[in-house]
Amino acid sequence: MHFVVVGLSHKTAPIEVRECLAVDSDKVPQVLSKLLQNGDVQEGMLISTCNRVEAYLVAKHVERAAQYASQVLSEEGGIKEEELSKLLYVKNNGDAVAHLFRVAAGVDSMVVGESQITGQVKEAYALAVENRTTGVYLNKLVHKALNVSKRIRTETGIGDHPVSVSYAAVLLAERIFGDLAGKKVLLLGAGEMGALAAKHLSEKKVGEIRIANRTREKGAELAQSLSGTVVPFEEFSDRLEEVDIVIASTAADDFVVKEDAVKEAMQRRKGRPMFFIDISVPRNIDPAINQIENVYLYDIDHLKGIVESNLKERERESRSAEEIIAGEVKGFLSAVGQIDLSPTIEQLSKKFDSIRKGEIEKYFGKGGAITPEQREAMEGCTRAIVNKILHDPIILMKTEEPQEGAPKYSEILKKLFKLE
Amino acid sequence: MSITFSILTAGFYLFSSLGYLLQLIFSRRRLGLVALWLLRLGIIVHTVLLAGELRRNGYPFIVGEADLYLCASWAIMAVFLAVRSRYRLQASGALFVPLVLLILIFAVVRRGEYGLAGEAIANPWVLIHILFMSLTFAVFALSFLVGITYLYEESQLKNHHPGRLLAWLPSLEMMDGIHYKALTVGFALLSVGIFSGAALSKVASGKFFSEDPRQLVAVGAWVLYAIFLNVHMKSGWRGRKGIILSILGFLGVIVAFLALEHRVS
């Protein structure tokens, strides 16, 4: 029994190939059943996202199963097998297990530490369970992978630092104001990124979102989706002191928010802090306002700088994640090894016991030769002999690994005692 | 003072300080938890030390300057433990614990006795005065340390370099709030402290107000804080400038207090 993964990801294949190979969720059952048609493949699961397509298999023979899987993928994606094979990676056993652990925790993702992938692994597994293509091994593997992913998220800072510009802005607002509940937000312009930042803010239960846009209809549309109110664009700066957070993303090519207006607003606010987020290019907010006491201004470059350093921080955290994964893979493989052993142990015990019973029957079966008490003693004695003989080989099999390349102890035992 | 308990307390605080500092350097939450436990053990031993000292002194319990430091450092630790989780001040342990350690060392090194003799020393005003002055000091120290933290976070945000440390600190608005709340409470405590000090002076020298330098410092500080808080309330004055001013004020008062001695004439 071997774990095998065959697939490609953003690290090995360009988007054109990933597009072709991506399998819709309604077509997954078909591909899964095709994969399991091969006698070498016992269990299977297919993960297909925009960044990766991977078949996780439990197989009797690594090469044959991998060969067959790449054939299936090339047929499904309509790509020639020679071409595809250059982009595919095949990993088995420890490497395959570690790979799934990495994928599920977001360590292998394009944006390191993103958490969407964990959900996608869960979905892929649910589909496989639904189609009855999983068994003992895959069940154990996926559960462990999700477990490890959770452990990595709590023990490392891999998901801690925001890696999108709009979310980084929201976290900055929290650094200034703490709880954002009840804070008032003014959104200038209906640009996409500004709207996204406003959406993040509304999720933080801000008190009010005002939208000022040059074309009123578009502003009204956005106001509805954010459950905010529309204010006329010409008048926004009259009531600037009422808002705590200003997000600017208009198409204007000069400063819409001027220094004097902000100074005046700050006086009326009695110096309560204000946070300005300028996501527009060219900039819409006069950078000079950052000099005003208790006013904080971040433009798109500042935010991008934060995102970049956060990405680096996540890379650094992924190193501690790798350490956790290495430990977990070892533990998982030895746990799986135990499942592998139990049929052999059972067969071995059964064979010895049947020999024991057979011999007792042969000598004392006809009855009369010994009393029932004597027979009972004989049974106990022979059972103890069998157990004592088997004790050492079983312990050895459970606790020790044979040398590299040597056959497993269980295989040797099977051969020696003609089990199966 | 019991040497064993002093060393034990200082040891717990020293390792707790180290834990808090390392937590910030390596950003590992677990180090902070270890530091907190060391701190809790430290304050237990500190309490035993303080109680032993007070019992040994007998009525009216607090007699020398060492007792004042012992009380004040205990009060700072108690204030920190009381507010740390409510205001997300866990990371500020790296400031609080070393400060307390410093004061504790002071308590051992500076063993000045008050110039009170005979009947004056067996006076309940001594206890009340020192108790309230310790609390005043503890609460002002809170506002001071929160103020320093505020300045750090403010400059990081203003200069667009919000480091990873910020995730461990309270928000600017919250720290501004704690700072002024602490100043207000400290001001009330200081008022009682000064009043009881005057009463003590009356018993010792027959005058409510003598030319005692420390008394002058205290009254001067009271006037400054009164003006400061008044301006803050009226104009809503907040942010960096106000905090810098209050930090300088605190340092000035402490330096003056340590440089001068009580002189009861």
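Residues numbered from 1 in each chain as written. Chains lettered and ligands numbered in written order. Predicted model: local features only at pLDDT ≥ 70, side-chain atom pairs only at ≥ 80, totals over all residues. Heavy atoms only, no water.

(A) Inspection of the overall build of chain A at higher detail. Helix and strand counts for chain A stand at 14 helices and 10 strands. When burial is assessed residue by residue, chain A has 46% of its 420 residues classed as buried. Here the analysis covers contacts within chain A between residues at least 6 apart in sequence; of these, 70% occur between residues at least 24 apart. (Helix = DSSP H or I, 4+ residues; strand = E, 2+ residues; numbered from the N terminus. Buried < 20%, exposed > 50% of the residue type's maximum accessible area, 1.4 Å probe, protein only. Contact = heavy atoms within 4.5 Å.)

(B) How the structure looks around empty space enclosed by the protein. Residue and element names in this part refer to chain A. If you walk through the whole model with that rule in mind, you get 1 cavity of 30 Å³ or more. Approximately 70 Å³ is the volume found for the largest cavity. Every residue along the wall of the largest cavity is listed here: Leu 186, Arg 210, Val 231, Pro 232, Glu 235, Phe 236, Arg 239 and Val 243. Taken together, the residues that form the lining of the largest cavity break down as 5 nonpolar, no polar and 3 charged. (1 Å grid on protein atoms, 1.4 Å probe; cavity = no way out; pocket = protein on both sides within 12 Å on 5 of 7 lines; lining within 4 Å. Points joined across faces, edges and corners; volume = space filled by probe spheres on them. Nonpolar A, V, L, I, M, F, W, Y, C, P; charged D, E, K, R; others polar.)

(C) Focus on the side chain of Ser70(A). Residue and element names in this part refer to chain A. For Ser 70, the position within the fold is in helix α3 (residues 62-77). A polar side-chain atom of Ser 70 sits 3.5 Å from a polar atom in the side chain of Glu 81. The contact partners of Ser 70, leaving out residues within four places of it in the chain, are Val 6, Glu 81, Leu 84 and Leu 88. (Polar contact = N/O pair within 3.5 Å; in protein donor to acceptor, adjacent residues only side chain to side chain.)

(D) Structural view of the confidence of the model for chain B. All names here are of chain B. Per-residue pLDDT for chain B has a mean of 80; in total, 89% of the residues score no lower than 70. No element of chain B has a lower mean pLDDT than helix α4 (residues 93-109), at 79, and none a higher one than helix α6 (residues 172-205), at 86. For this predicted complex, the interface confidence score (ipTM) comes to 0.77, while the overall pTM stands at 0.70. (pLDDT = per-residue confidence, 0-100.)

(E) The confidence of the model for chain A, seen in detail. Scored by pLDDT, chain A has a mean of 88; 99% of the residues are at 70 or more. The element-level mean pLDDT for chain A is lowest in helix α14 (residues 409-416) of chain A, coming to 83, with strand β9 (residues 274-278) of chain A highest at 94.

(F) Main features of the interface of chain A and chain B. With 25 residues of chain A at the interface, the matching set in chain B holds 26 residues. Carbon and sulfur atoms make up 44% of the area that chain A and chain B hide from each other, which totals about 1,900 Å². When residues of chain A are sorted by the area they lose upon contact with chain B, Arg175(A), Glu293(A) and Tyr296(A) head the list and together hold 33% of the total. The tally of links between chain A and chain B comes to 3 salt bridges. Joining chain A to chain B, the criterion identifies 16 residue pairs in polar contact (both at pLDDT 80 or more). Elements with a contribution of two residues or more to the side of chain A that touches chain B: α8 (165-177), β10 (295-299) and α12 (300-364) of chain A. Split by residue class, the side of chain A that touches chain B holds 10 nonpolar, 7 polar and 8 charged. (Buried area = accessible area lost by both parts, 1.4 Å probe. Salt bridge = Lys/Arg side-chain N within 4 Å of Asp/Glu carboxyl O.)

(G) Inspection of the environment of Leu166(B) at higher detail. Structurally, Leu166(B) is set in the loop between α5 (124-158) and α6. Sequence-wise, Leu166(B) and Ala91(B) are 75 residues apart; in three dimensions their C-alpha atoms are separated by 9.7 Å. If near-sequence neighbours (up to four positions away) are discounted, Leu166(B) is found in contact with Arg175(A), Arg88(B), Tyr152(B), Glu153(B), Gln156(B) and Leu157(B).

(H) Quick peek at the sheet that holds β10(A). Residue and element names in this part refer to chain A. Across the sheet, which stays open at both edges, the 6 strands sit in the order β7-β6-β5-β8-β9-β10 with parallel pairing between neighbours. Both outer strands of the open sheet, β7 (229-230) and β10, are each paired with one neighbouring strand and no more. Sheet topology note: the β9/β10 ladder contains 5 bridges and is parallel. Counted as the bridge partner of Ile 277 is Tyr 298 from β10. (Pairing = 2+ DSSP bridges.)

(I) Representation of the sheet that holds strand β2 (residues 41-48) of chain A within the structure. Residue and element names in this part refer to chain A. Spatially, the 4 strands line up as an open sheet ordered β2-β3-β1-β4, and their pairing is antiparallel. Edge positions in the sheet fall to β2 and β4 (89-92), since each of these pairs with one other strand and no more. Within this sheet the neighbouring strands show an average axis-to-axis angle of 15°, counted without direction. Together, β1 (2-9), β2 and β3 (52-59) form the strand contacts of helix α7 (residues 136-155), whose direction differs from that of β2 by roughly 35°. (Axes fitted to C-alpha atoms, helices over the stretch in contact; angles between N-to-C directions.)

(J) Main features of the pairing of β2(A). Residues and elements named next belong to chain A. Burial within β2 is extensive, with 6 of its 8 residues counted as buried. Here β2 runs beside β3; their pairing, made up of 7 bridges, is antiparallel. Residue Met 45 lies in a different strand from β3, and its bridge partner there is Tyr 56. Counting the residues between successive antiparallel strands, the hairpin from β2 to β3 contains 3 residues.

(K) Representation of the packing of aromatic side chains. For the structure on display, the rule yields 14 aromatic pairs over all chains. Here the aromatic rings of Phe275(A) and Tyr298(A) are separated by 5.9 Å at their centres, their planes lie at 75°, and the arrangement is edge-to-face. Residue Phe275(A) is found in strand β9, and its partner Tyr298(A) is found in strand β10; the two are separated by 23 residues along the sequence. For Tyr298(A), a relative accessible area of 0% translates into the label buried. Here the aromatic cluster, defined as three or more aromatic residues joined through ring pairs, consists of Phe3(A), Phe101(A), Tyr137(A) and Phe332(A). Over the ring of Tyr89(A) we find Lys91(A); its NZ or CZ atom is 5.5 Å from the centre of that ring. One cation-aromatic arrangement involves Arg40(B) over Trp37(B); the distance from NZ or CZ to the ring centre is 4.8 Å. (Phe/Tyr/Trp six-rings, centres within 6.5 Å; stacked < 30°, edge-to-face > 60°. Lys NZ or Arg CZ within 6 Å of the ring centre and 35° of its normal.)

(L) Up close: the pattern of salt bridges. In this structure the tally under the stated criterion is 32 salt bridges over all chains. Residue Glu173(B) pairs with Lys183(A) through a salt bridge whose shortest N-O separation is 3.1 Å. On the criterion of chain membership, the pair formed by Glu173(B) in helix α6 and Lys183(A) in the loop between α8 and β5 (184-188) is interchain, its members lying in two chains. With a closest N to O distance of 3.5 Å, Asp353(A) and Lys357(A) form a salt bridge. Taken together, the residues span about one helical turn, with Asp353(A) and Lys357(A) both in helix α12 at a distance of 4 residues. Taken together, the salt bridges that share partners define one network made up of Asp353(A), Arg356(A), Lys357(A), Glu361(A), Arg375(A), Glu379(A) and Arg383(A).

(M) Here's a closer look at the nonpolar core. In this structure, Ile245(A), Ile247(A), Phe275(A), Tyr13(B), Met77(B) and Leu142(B) are the most contacted members of the largest nonpolar core, which totals 93 residues. Looking at which element gives the most residues to this core, the answer is α5(B), with 11 residues. Once you skip the residues sitting within four places of it in the chain, Leu142(B) turns out to touch Val79(B), Val83(B), Leu89(B), Phe96(B), Ile178(B) and Ala182(B). Listed in part, the 64 residues of the second largest apolar core include Tyr68(A), Val72(A), Tyr125(A) and Ala321(A). (Core = buried A, V, L, I, M, F, W, Y, C linked by side-chain atoms within 4.5 Å.)

(N) Seen up close, the pairing of β9(A). All names here are of chain A. Burial of β9 is extensive: 5 of the 5 residues sit out of reach of the surface. Note: strand β8 (residues 245-248) against β9, 4 bridges, orientation parallel. Counterpart to Ile 247 in the pairing with β9 is Ile 277. Once you follow β8 into helix α11 (residues 259-268) and on to β9, the crossover reads as right-handed. (Right-handed = clockwise from strand over helix to strand, strands pointing away.)

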